[in-house]
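Chains, contacts and geometry: an overview
Below, each chain spelled out in residue letters.
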Amino acid sequence: EPEVTQTPSHQVTQMGQEVILRCVPISNHLYFYWYRQILGQKVEFLVSFYNNEISEKSEIFDDQFSVERPDGSNFTLKIRSTKLEDSAMYFCASSEAGLAGKHTQYFGPGTRLTVL
Amino acid sequence: LAKTTQPISMDSYEGQEVNITCSHNNIATNDYITWYQQFPSQGPRFIIQGYKTKVTNEVASLFIPADRKSSTLSLPRVSLSDTAVYYCLVGARMDSSYKLIFGSGTRLLVRP
């Protein structure tokens, strides 16, 4: 069964450093998403991406965040200058389409980001 | 986006059927209802999705009444490994995006 994969599983970084979280969505999917979950809290939407551009972003997704699809398979989330409060699990998801009924999002296992 | 309300937690025993009900009074005509399961430190896992009446797959059933203002996820004969958080989601298409808004979910504890 196809699945979303994410690397690394755990990333430790110093405050102020840049991190890149990587995701390989399911191959025939066209919509890509990033979510985050701070320990003990809800899963929060960050950004959605379609046709090589951001289609929606939340207020969390400020200028420190960026996404990219550098090639035909990877989807990345970059945090330019990490803050302590960026420590969280980051989940990538993908869906076949954005239409109602075909938008089932499949999530990856997550990357645990720890900012020291 | 339709807001959902579901119980904070539920307890059950192995082998029992568990029904988790979700209220979504403001569901829109085009909205589908989707349930996810999440284990600690793992990504949400899709369980089932439906629009109306009843949907069944190999792991669960989803019951949706005619007014669609609520839905019930039914897990037959739960096991210890079904202990997880279950999320009910109702979303709206927004142009070319379909963001999911997660609530707090229902924390299901299955006891031996």
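Residues numbered from 1 in each chain as written. Chains lettered and ligands numbered in written order. Predicted model: local features only at pLDDT ≥ 70, side-chain atom pairs only at ≥ 80, totals over all residues. Heavy atoms only, no water.

As for the environment of A:Leu116
Residues and elements named next belong to chain A. With respect to the element layout, Leu-116 can be found in the segment after strand S11 (111–115). Note: C-alpha distance between Leu-116 and Phe-75 (41 residues apart in sequence) is 25 Å. Setting aside its immediate chain neighbours within four residues, Leu-116 contacts Val-12, Thr-13, Gln-14, Met-15 and Leu-84. (Helix = DSSP H or I, 4+ residues; strand = E, 2+ residues; numbered from the N terminus. Contact = heavy atoms within 4.5 Å.)

A closer look at the sheet that holds strand S5 (residues 53–56) of chain B
What holds strands together in a sheet is hydrogen bonding between their backbones, with the strands either parallel or antiparallel. Residues and elements named next belong to chain B. Taken together, the four strands give an open sheet; going across it, the order is S2-S7-S6-S5, and neighbouring strands pair in antiparallel fashion. Each edge of the open sheet is held by one strand with a lone partner, namely strand S2 (18–23) and S5. Averaged over all pairs of adjacent strands, the angle between strand axes in this sheet comes to 15°, irrespective of strand direction. Bridging between strand S6 (residues 61–64) and strand S7 (residues 70–75) involves three bridges; their strand directions are antiparallel. Of the residues in S7, the one forming a bridge with Ser-61 is Ser-74. (Pairing = 2+ DSSP bridges. Axes fitted to C-alpha atoms, helices over the stretch in contact; angles between N-to-C directions.)

Considerations on the nonpolar core
Formed by 22 residues in total, the largest nonpolar core has its most connected members in A:Trp34, A:Leu46, A:Phe61, A:Val67, A:Phe75, A:Leu77 and A:Tyr90. Within the second largest apolar cluster, 20 residues are counted, among which are B:Ile48, B:Ala60, B:Ala84 and B:Val90. (Core = buried A, V, L, I, M, F, W, Y, C linked by side-chain atoms within 4.5 Å. Buried < 20%, exposed > 50% of the residue type's maximum accessible area, 1.4 Å probe, protein only.)

Description of the sheet that holds strand S7 (residues 65–68) of chain A
All names here are of chain A. Pairing is antiparallel across the open sheet formed by four strands, whose spatial order is S1-S3-S8-S7. Both edges of this open sheet fall to strand S1 (5–7) and S7, since each of them pairs with a single strand only. Strand-to-strand twist in this sheet, taken as the mean axis angle between neighbours without regard to direction, amounts to 20°. Pairing of strand S3 (residues 19–24) with strand S8 (residues 75–79) involves five bridges; the strand directions are antiparallel. Looking at the pairing, Ile-20 lines up with Lys-78 of S8.

Concerning the environment of B:Ile101
Tracing the backbone shows B:Ile101 in the loop between strand S8 (84–90) and strand S9 (106–111). On the accessibility criterion, B:Ile101 (43% relative accessible area) is partly exposed.

Points about the packing of aromatic side chains
A full pass over the atoms with the stated rule returns 16 aromatic pairs over all chains. Summarising the aromatic geometry, the rings of A:Phe107 and B:Tyr36 are spaced 5.6 Å apart at their centres and angled 85° between planes, so their arrangement reads as edge-to-face. Of the two residues, A:Phe107 is situated in strand S10 (residues 106–107) and B:Tyr36 in strand S3 (residues 33–38); the pairing between them involves two chains. This pair shows no difference in class: A:Phe107 is buried, exactly as B:Tyr36 is. On the basis of relative accessibility, which here comes to 1%, the residue B:Tyr36 falls in the buried class. Three or more aromatic residues joined by ring pairs make a cluster, and in this case those are A:Tyr33, A:Tyr35, A:Phe45, A:Tyr106, A:Phe107, B:Tyr36, B:Phe46, B:Tyr87 and B:Phe102. It is B:Arg68 that lies over the ring of B:Tyr51; its NZ or CZ is 4.0 Å from the centre. (Phe/Tyr/Trp six-rings, centres within 6.5 Å; stacked < 30°, edge-to-face > 60°. Lys NZ or Arg CZ within 6 Å of the ring centre and 35° of its normal.)

Description of the pairing of S6(B)
Residue and element names in this part refer to chain B. Direction of pairing for S5 relative to S6: antiparallel, over a ladder of four bridges. The residue bridging Val-55 from the neighbouring strand is Leu-62, located in S6. Adjacent in sequence and paired antiparallel, S5 and S6 are bridged by four residues. If you look at the hairpin formed by S6 and S7, you'll find five residues sitting between the two strands, and Arg-68 has a positive phi there, around 60°.

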